[in-house]
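Coordinate inspection notes
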Amino acid sequence: APDPNETHPAIAEDYSAWLRDYADTYFGIVAAAIRRHDPHHLFLGGRFAVNTPEAVASCARYCDAISFNVYADVPQHGVDLDAVHKLDKPVLITEFHFGSDDRGPFGKGVVSVWNEAQRGDAYARFVQAAANDPSIVGTHWFEYVDQPVTGRLIDGENSHIGLVGITDVPFGGLDRKSV
């Protein structure tokens with residue numbers, strides 16, 4: 001089929017319907033299994049790194065919360081929260097970070113700032129923006145410790161994104177910030 005465009009609007013509608021059915025099937029099966037085997041715990045969604053409106057709506061239909069990895073300066077720039085608010089589900093930000101290359105490993109991470117002090121400022125700004133949104137119930141920094149200078153085994157990623165260095169020493173820019 002050709003790519004969806006103004007000439008072929010039915011293709012986009014078909015893709016959307018198929019994706020909605022696919023996502024409903026996936027989340028429905030997983031939710032039923034979780035509730036059957038572990039009925040007293042929450043189903044926190046699928047940790048969307050990339051998402052479509054159809055998949056997010058299906059997640060909201062079957063899950064107790066919608067979880068997103070958000071790599072942006074504030075959550076509102078990484079997720080369409082206006083659309084999510086209409087789904088009336090709590091939101092978890094399950095990954096975010098700010099890196100720099102002024103110390104530690106060579107990589108800056110997905111969202112970078114110039115130096116360690118700016119990492120703390122960026123963290124405080126992100127968490128405050130999350131706290132100001134009534135649907136966001138929590139955030140999770142990725143990750144606790146910097147990645148090894150020689151790279152992690154799975155893919156070689158070697159970024160200064162941790163709260164502590166590889167020697168378990170905290171960095172000064174993040175410990176003075178509070179929200």
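Scroll up for the structure.
Below you will find a few notes about this structure. This one's a predicted model, so the numbers in the text were calculated from it and none came from an experiment.

Reading the values: rules and limits
- Residues numbered from 1 in each chain as written.
- Predicted model: local features only at pLDDT ≥ 70, side-chain atom pairs only at ≥ 80, totals over all residues.
- Heavy atoms only, no water.
- Core = buried A, V, L, I, M, F, W, Y, C linked by side-chain atoms within 4.5 Å.
- Buried < 20%, exposed > 50% of the residue type's maximum accessible area, 1.4 Å probe, protein only.
- Contact = heavy atoms within 4.5 Å.
- Helix = DSSP H or I, 4+ residues; strand = E, 2+ residues; numbered from the N terminus.
- Salt bridge = Lys/Arg side-chain N within 4 Å of Asp/Glu carboxyl O.
- Axes fitted to C-alpha atoms, helices over the stretch in contact; angles between N-to-C directions.
- Parallel < 35°, antiparallel > 145°, perpendicular 65-115°, else oblique.
- Left-handed = near helix turned anticlockwise from the far one by under 90°.
- Nonpolar A, V, L, I, M, F, W, Y, C, P; charged D, E, K, R; others polar.

The next thing to look at is the nonpolar core. Counting 30 residues, the largest nonpolar core has F48, I66, F68 and V84 as the members making the most contacts within it. Excluding anything up to four places from it in sequence, F68 contacts F48, N51, V56, V79, V84, V91, L92, I93, T94 and E95.

Moving on to the environment of V169. By the secondary structure assignment, V169 is in the loop between β3 (136-141) and α5 (172-175). We classify V169 as partly exposed; its relative accessible area is 48%.

Cis geometry is found at the peptide bond from F142 to E143, where omega equals 5 degrees. Here E143 lies in the loop between β3 and α5. Positioned with a positive phi, D168 is a non-glycine residue whose angle comes to about 70 degrees. One can find D168 in the loop between β3 and α5. Judged by its relative accessible area of 48%, D168 is partly exposed.

Attention now moves to the pattern of salt bridges. Tallied over the entire structure, the rule returns nine salt bridges. Note that R103 and D102 form a salt bridge whose closest N and O atoms lie 3.9 Å from each other. Taking relative accessible area as the criterion, D102 reaches 35% and is therefore assigned partly exposed. With a closest N to O distance of 3.4 Å, E157 and R152 form a salt bridge. Residue R152 is classed as partly exposed on the basis of its relative accessible area of 26%. Residues participating in the shared-partner salt-bridge network are D102, R103, E116 and R119.

Looking now at the packing of helix α1 (residues 9-37) against helix α2 (residues 53-62). Orientation of α1 relative to α2, taken along the N-to-C sense of each, is 30 degrees, at an axis distance of 8 Å. Our classification of the angle between α1 and α2 gives roughly parallel. Here the hand of the crossing between α1 and α2 comes out right-handed. Together, S16, L19, R20, A23, D24, F27, G28, A31 and R35 of α1 and E54, A55, S58, C59, R61 and Y62 of α2 make up the contact between the two elements. Tallied by class, the residues present in the contact of α1 with α2 amount to seven nonpolar, three polar and five charged.

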